Amino acid sequence: MHQILKGGYPFHVALNKLAQVHGPLMTVWLGPRQPTIIVSDHGLVWKVLVSKSPDYAAREFPTLAKLVTADFRTIVSSNAGPHWHSLRRGLQNGAIGPLCISVQAPLQESDMAQMINNMIKEANLNGGVVKPFHHIRRATIKLLARLCFGSDFSDEEFDATMDVMVEETLKYSDNARMLDTFSPARFLPSVKRAIKQMEKLKLRVEECIGHHLASPPPPNCYAHFLLSQSFPREVTIFSIFKVFVLGLDSTGSIAPLAVPHKATRDTTLDGLHVAEGATVMVNLYALHYDPKVWDEPDQFKPERFMESSKEFLGKRGQYSFLPFGAGMRACAGLEVGKLQLPFAVSNLVNAVHWSNAVEGEEPNLSEDFTFILAMKTPLEARIVPRGI
Ligand code: HEM
């Protein structure tokens, strides 16, 4: 771990640099206790996620995360099996199935109009400059809240509280990993504080979501499905919370290492033995920045994703572009993600003209040292409504 920390690079970048020296299949000791297998090549990642999906369909979560995952019984944190399958099917066939998504279309349009108005207001008060991610997050919370509690749901206070709670969860999860990686970290004041804060967060999530389960939710929302299955109350509450955590995480920060997988049985990878229970992380970042597949991977070249593009058409290109993961444990909200992000971006591009907050000063794209992709300096931009 200190080898990785000393470089000062974000975790996924440091692992990618190590992979260039030691190869695409590495065992890394993240602390003294537990070896983690890191996979950084598209062929091997495809094996883990797709061809041998059942062999790697369990999850590895830090111990402390049990507080906000109902003891690892939410979709993302439970091992593949009937409980996980039921939670996942309930979300995908009901709340985010085609019927519910089509009901959302007009509501999302008014969310977008409101989001753009709010951004213009903020710009007017701030010399033309806005922080756009905050607005995109709020619009996404509104959408996720309707998927969870029904299409009539609207509660600004809930949106604001949820925004803060998700932010805190992501912040504490780094400390939670540190604790599992390096157990003496429990004596660090910052980690002690994080444990206490996580316990308090659990209670706040229970109260905030529990409050909205007091009266029966309308059919076709996730809360309705969860209550109809008589899951323990804690599972219902934290399954809803995880929809916000995962759905929001992806608005500003995409998981470059996906969510850690765990081997469900003794198996093999590239002819090597992988023991049951081994943690396996796929470095999606390494795939998305592979210079053997992508021409100038660091450059912003959206045309590379055009259907006619040589890079994207090739099989290698398709295996090397997995923002949602793939296979059994691929993103359960893929359909929502594929709709919401382009919808928000196209609305933003249509409504306002964008430029650097300070003329001639490009945004600082450097990343924070976390397990998720996050900008060190949150993006600020200058906007001018089109037509002015
Ligand atoms: C651009 C948007 C999104 C991206 C790029 C994204 C990406 C991902 C990735 C990489 C994973 C891990 C896959 C793996 O472990 O192999 C994941 C898991 C997951 N995502 Fe998303 N996600 C997005 C939006 C959403 C939304 C909107 C929701 C909820 C409606 C959601 C719900 C989930 C769930 C429940 C899982 C866990 C699946 C499981 O463990 O079976 N995601 N996502």
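Right, let's get into the sheet that holds strand 9 (residues 352–356). In a beta sheet, neighbouring strands pair by backbone hydrogen bonds and run either parallel or antiparallel. Pairing within the open sheet is antiparallel, and its three strands lie in the order 4-10-9. What marks the edges here is a single partner per strand, and that holds for strand 4 (129–130) and strand 9.

The phi torsion of most residues other than glycine is negative, and most of the peptide bonds are trans. Of note in the backbone geometry, Ala70 takes a positive phi value of approximately 50° without being a glycine. Along the chain, Ala70 falls in the loop between strand 3 (58–59) and helix 4 (82–95). The exposure class of Ala70 is buried, given the 23 C-beta atoms found within 10 Å. Unusually for a residue other than glycine, Asp71 sits at a positive phi of about 60°. Among the secondary structure elements, Asp71 is positioned in the loop between strand 3 and helix 4.

For the rest of this paragraph, the subject is the nonpolar core. Cys148, Tyr222, Phe241 and Phe244 are the most contacted members of the largest nonpolar core, which has 58 residues in total. Counting residues per element, the ones that place at least two in this core are helix 4, helix 5 (98–125), helix 6 (132–149), helix 7 (156–181), helix 8 (189–211), helix 9 (222–228), helix 10 (233–252) and helix 14 (334–351). No other element matches helix 10, which puts ten residues into this core. Beyond its immediate chain neighbours, meaning those up to four positions away, Phe244 contacts Ile141, Leu144, Met162 and Val166. Residues Ile37, Val48, Ala255 and Val274 belong to the second largest nonpolar core, which totals 27 residues.

Calculation rules
- Residue positions are given per chain, counting from 1 as you read along its sequence in written order.
- Local features in this predicted model are restricted to residues whose pLDDT is 70 or higher, and side-chain atom pairs enter the listing and the counts only when it is 80 or higher, whereas totals over whole chains, interfaces and linings include all residues.
- Two strands are said to pair when DSSP picks up at least two bridges between them.
- Helix and strand assignments come from DSSP, with helices taken as H or I runs of at least 4 residues and strands as E runs of at least 2, each series counted from the N terminus.
- Neighbour density around each residue's C-beta defines its exposure: 20 or more other C-beta atoms within 10 Å make it buried, 12 or fewer make it exposed, and counts between make it partly exposed, where C-beta atoms are placed from the backbone.
- Each nonpolar core consists of buried Ala, Val, Leu, Ile, Met, Phe, Trp, Tyr and Cys residues. Their C-beta atoms, within 7 Å, join them into a set.
- Contact definition: two residues whose C-beta atoms, as placed from backbone geometry, lie within 7 Å.

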